[in-house]
Amino acid sequence: MVVHRTHTPVMYRVAAGLLRGAMRVVARYEVSGLEHVPEEGGFLITPNHISHVDPFPWAHVLYNRGYSPVYLAKSTLFDTPVVGWVLRHAKQVRVDRETSSAGEALVPAVRALGEGECVVVYPEGSLTRDPDLWPMRGKTGAARLALQSGAPVIPVAQWGPQELLPRYAKRPRLSRHRRLMRVRFGPPVVLDDLRDQPLNAPTVTAATERIMAAITHELEQLRGERAPAERFDPKSHGLRVTGNYRQGVDQ
């Protein structure tokens, strides 16, 4: 039985139980770097984003260790029947991406960190558009949250979820053998020198780049390859920042 480190709503436990059972059937894990996960106090998890199923492997690992990750989730999920009801009753935080109110999500997120929660932000803001699935240009939400809260940022790299559910695919690729999910937790991103600086564009940009560089470094270790010298920028390629750029669907 999992001993939770913070208060975990009943709906969260129910949903986690169902998802953990499903993941055990289709996936096996290879995990490294757990020594970098704080034993106490709130902290940020910042994963790379390569598949719609990738929020589950690393979360499964943390949940088994007593953490109940709080996700900053896109508003369309909250507007979806059943899913939205579950999210609202499982202490998750709504984010209205690409709107003037997107920053409002930082208020409950900072509060959750202060209460010792593990808060999750996908810095890319959407599935990577990089053709080889390397982390693309990051958005500033994770950096702003880290600088405002003072909480440590743990970069997470994962490789394997894209084999189970390719980017923007509707159906998983099931196999006789469970898919290998490789998850690597990195050391906290060094941001101490930026925390005393004004929370302006240059400071936030510098923090964002450090977070993305840390995630990319951990993914290089998993893949045994070097990432491109220049991070993929959707805007410079004429692609929408969020959503399925191939179909115009908000994902």
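Residues numbered from 1 in each chain as written. Predicted model: local features only at pLDDT ≥ 70, side-chain atom pairs only at ≥ 80, totals over all residues. Heavy atoms only, no water.

In the nomenclature of an unreviewed UniProt entry, the chain is known as 1-acyl-sn-glycerol-3-phosphate acyltransferase of Janibacter hoylei PVAS-1.

Focus: the sheet that holds strand β3 (residues 70-74)
Overall, mixed pairing links the seven strands, which are arranged β1-β7-β6-β2-β5-β3-β4 in an open sheet. Of all the strands in the sheet, the pair left with one neighbour each is β1 (27-32) and β4 (93-95). The sheet shows a mean angle of 25° between the axes of neighbouring strands, direction not considered. The pairing of strand β6 (residues 153-159) with strand β7 (residues 179-185) spans four bridges and is classified as antiparallel. What sits directly across from Val 156, in β7, is Phe 185. Strands in contact with helix α1 (residues 10-26) are β1 and β7; relative to β1, the strand with the most contacts, it is inclined by about 95°. (Pairing = 2+ DSSP bridges. Helix = DSSP H or I, 4+ residues; strand = E, 2+ residues; numbered from the N terminus. Axes fitted to C-alpha atoms, helices over the stretch in contact; angles between N-to-C directions. Contact = heavy atoms within 4.5 Å.)

A short note on the packing of aromatic side chains
Summed over all chains, the structure comprises three aromatic pairs. Geometrically, the ring pair formed by Tyr 12 and Tyr 63 is stacked, given 6.1 Å between the ring centres and 10° between the ring planes. Here Tyr 12 is found in helix α1, whereas its partner Tyr 63 is found in helix α2 (residues 57-64), with 51 residues between them in sequence. In this pair, the class of Tyr 12 matches that of Tyr 63, namely buried. Between Phe 43 and Tyr 67, the aromatic rings sit 5.3 Å apart at their centres with planes inclined by 85°, giving edge-to-face as the arrangement. In this pair, Phe 43 sits in strand β2 (residues 43-47) while Tyr 67 sits in the loop between α2 and β3, placing the two residues 24 residues apart along the sequence. Considered together, Phe 43 and Tyr 67 belong to a single accessibility category, that of buried residues. Taking NZ or CZ as reference, Arg 223 lies 4.0 Å from the ring centre of Trp 159, over its face. (Phe/Tyr/Trp six-rings, centres within 6.5 Å; stacked < 30°, edge-to-face > 60°. Buried < 20%, exposed > 50% of the residue type's maximum accessible area, 1.4 Å probe, protein only. Lys NZ or Arg CZ within 6 Å of the ring centre and 35° of its normal.)

Concerning the nonpolar core
One finds Leu 44, Leu 72, Val 119, Leu 145, Val 153, Leu 191 and Ile 211 to be the most contacted residues of the largest nonpolar core, which totals 28 residues. Listing elements by their share of this core, those giving two or more residues are β3, β4, α5 (106-114), α6 (141-149) and α9 (201-223). When residues in this core are grouped by element, the largest group, six residues, is from α9. In this structure Leu 191 touches Ala 146, Val 153, Ala 207 and Arg 210, once residues within four positions along its chain are discounted. (Core = buried A, V, L, I, M, F, W, Y, C linked by side-chain atoms within 4.5 Å.)

A short note on unusual backbone geometry
Even without being glycine, Leu 133 reaches a positive phi, approximately 65°. Of note, Leu 133 is situated in the loop between β5 (118-120) and α6. On the basis of relative accessibility, which here comes to 13%, the residue Leu 133 falls in the buried class. Backbone geometry at Tyr 168 places phi at a positive 65°, although glycine is not the residue there. Structurally, Tyr 168 can be placed in the loop between α7 (161-164) and β7. Judged by relative accessible area, Tyr 168 falls into the buried class, the value being 6%.

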